[in-house]
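Architecture at a glance
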Amino acid sequence: MRILAVIALVVAALTITSCGENPKKMVERRKASRAEYLDSLLTEAQAKLQKTDSTLQAEEAEYQKMAETVEQHRKDLTATKEELDALNKKRVRVDSLKVQFDVDCGRIKFIHKKQQQAK
């Protein structure tokens, strides 16, 4: 039992001294690790932004077509409740995608800022 305790103390002492010998290397490793982490976050955020942007463009095009149709039906006084509800739901979807787009852009700007601070 005492031998195991002594071995544990020796291992702990060696670990502590080995960590304390190269603090500069540890700081450099952390900086490199942080840079890799920020790069991966940036890549992920840009991919999400691209997906959100393409979805937003498609939904906006659909909304414009739907709005023209509904506006024509309004002029003719033939617009139905279902058409108006569908148009409102499409507008809500477009608005939520715009908010998501803005959030994604903000996330990318924040990551760029953190990358500049790390240099």
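Above this note sits the structure.
Keep in mind it's a predicted model, so treat the numbers as computed, not measured.

1. Describing the environment of Thr-69
Relative to the assigned elements, Thr-69 resides in helix H2 (residues 23-75). Residues Thr-69 and Ala-79 lie 10 residues apart in sequence; the distance between their C-alpha atoms is 9.1 Å.

2. Regarding the environment of Arg-74
Turning to its location among the elements, Arg-74 is positioned in helix H2. Sequence separation of Arg-74 and Leu-84 is 10 residues, and the distance between their C-alpha atoms is 9.6 Å. Residue contacts for Arg-74: discarding those within four places in its chain leaves Ala-79 and Leu-84.

3. Observations concerning H2
Taking 1.5 Å per residue as the helical rise, H2 with its 53 residues ought to reach 78 Å, and the 75 Å between its terminal C-alpha atoms agrees with that figure. Looking only at H2, the buried set comprises Leu-38, Leu-42, Ala-45, Leu-49, Thr-52, Leu-56, Glu-59, Tyr-63 and Val-70. Buried-residue contacts for H2 involve helix H3 (81-118). Just past H2, the residue Leu-77 takes up positive phi, approximately 60 degrees.

4. Comments concerning the packing of H2 against H3
Contact geometry of H2 with H3 gives a least axis separation of 8 Å together with a crossing angle of 160 degrees. The angle between H2 and H3 places the two elements in the roughly antiparallel class. Between H2 and H3 lies a crossing of left-handed hand. Here the residues of the contact of H2 with H3 are counted per class, giving 19 nonpolar, seven polar and 16 charged.

5. Here we look at the pattern of salt bridges
Summed over all chains, the structure comprises six salt bridges. A salt bridge links Glu-71 to Arg-74; its shortest N-O distance comes to 3.7 Å. Note that Glu-71 and Arg-74 are positioned in helix H2 at a spacing of three residues, about one turn of the helix. Since its relative accessible area comes to 38%, Glu-71 is described here as partly exposed. Taking the relative accessible area as the measure of exposure, Arg-74 reaches 43% and is therefore partly exposed. A cluster of three or more residues bridged by salt bridges with shared partners is formed by Glu-59, Glu-62 and Lys-90.

Here is what the cut-offs are and how they apply
Residues numbered from 1 in each chain as written. Predicted model: local features only at pLDDT ≥ 70, side-chain atom pairs only at ≥ 80, totals over all residues. Heavy atoms only, no water. Helix = DSSP H or I, 4+ residues; strand = E, 2+ residues; numbered from the N terminus. Contact = heavy atoms within 4.5 Å. Expected span 1.5 Å × (residues − 1). Buried < 20%, exposed > 50% of the residue type's maximum accessible area, 1.4 Å probe, protein only. Axes fitted to C-alpha atoms, helices over the stretch in contact; angles between N-to-C directions. Parallel < 35°, antiparallel > 145°, perpendicular 65-115°, else oblique. Left-handed = near helix turned anticlockwise from the far one by under 90°. Nonpolar A, V, L, I, M, F, W, Y, C, P; charged D, E, K, R; others polar. Salt bridge = Lys/Arg side-chain N within 4 Å of Asp/Glu carboxyl O.

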